[in-house]
Amino acid sequence: MKNLKLKVVALVLFVSAGFVSCDNDDTPSVETKTAFVSAVTGATTSTVNQEITLEVTYAVENNCGVFNKFIETTVGNTKTIEVQTKYEGSNCGTTAATKKTSYKFKATAAGTYILKFKKTATEFVTQTIVVSSAS
């Protein structure tokens, strides 16, 4: 009986040690960063409630960098836009690359809208869009 208890305790310790020693190294690391925009192309006029698409060119640090989302700050008719990229993986190389993504814009009121895409920490690529009333 004493021998059986000793074997059970040893088994519990062995299994516990196995769980503690397991590290979740298989989960790839994910990091998000702001990417700077080098160019914005697309329509400069629109009508109310008409969606237009702008093509945004941005830089990533290596081949693991992919578009994640736009971060927007709006003050009146001026929108400041940052491109957030996601880096996932560890075998990414060191060669920077240029990528493109689409930015959709739709105004609900007529007016002049200024879209400022971050080019550096203090500079912007500016796209001015004139929105007119629907005819």
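Computed from a predicted structure; not experimentally measured. (Residues numbered from 1 in each chain as written. Predicted model: local features only at pLDDT ≥ 70, side-chain atom pairs only at ≥ 80, totals over all residues. Heavy atoms only, no water.)

**Description of the state of the cysteines**
Taken as a whole and assessed by the stated rule, the structure comprises 1 disulfide. Here Cys64 connects covalently by a disulfide to Cys92, the sulfurs 1.9 Å from one another. Between Cys64 and Cys92 the sulfur-sulfur dihedral comes to about -90°; the bridge is accordingly left-handed. Here Cys64 is found in the loop between strand S4 (52-60) and strand S5 (65-75), whereas its partner Cys92 is found in the loop between strand S6 (78-88) and strand S7 (97-105), with 28 residues between them in sequence. (Disulfide = S-S within 2.5 Å. Helix = DSSP H or I, 4+ residues; strand = E, 2+ residues; numbered from the N terminus.)

**Re the pattern of salt bridges**
Taken as a whole, this structure holds 5 salt bridges when the rule is applied. A salt bridge links Glu61 to Lys33; the nearest nitrogen and oxygen atoms lie 2.7 Å apart. Taken as a pair, Glu61 in the loop between S4 and S5 and Lys33 in strand S1 (residues 30-35) lie far apart in primary sequence, 28 residues in all. Put simply, Glu72 and Lys79 hold a salt bridge, and the shortest N to O gap is 3.6 Å. Classification of Glu72 as partly exposed rests on a relative accessible area of 40%. One connected set of salt bridges, linked through shared partners, spans Glu31, Lys33 and Glu61. (Salt bridge = Lys/Arg side-chain N within 4 Å of Asp/Glu carboxyl O. Buried < 20%, exposed > 50% of the residue type's maximum accessible area, 1.4 Å probe, protein only.)

**Considering the side chain of Thr101**
One can find Thr101 in strand S7. Taking relative accessible area as the criterion, Thr101 reaches 15% and is therefore assigned buried. The contacts of Thr101, once residues within four sequence positions are left out, are Leu54, Glu55, Val56, Tyr58, Phe67 and Phe70. (Contact = heavy atoms within 4.5 Å.)

**What to know about the packing of aromatic side chains**
Summed over the entire model, instances satisfying the criterion amount to 5 aromatic pairs. Both rings, one in Tyr58 and one in Phe67, keep their centres 6.4 Å apart while their planes meet at 55°; by these two values the pair is tilted. Both rings, one in Phe70 and one in Tyr103, keep their centres 4.9 Å apart while their planes meet at 85°; by these two values the pair is edge-to-face. Of the two residues, Phe70 is situated in strand S5 and Tyr103 in strand S7; the sequence distance between them amounts to 33 residues. Just as Phe70 is buried, Tyr103 falls in that class too. (Phe/Tyr/Trp six-rings, centres within 6.5 Å; stacked < 30°, edge-to-face > 60°.)

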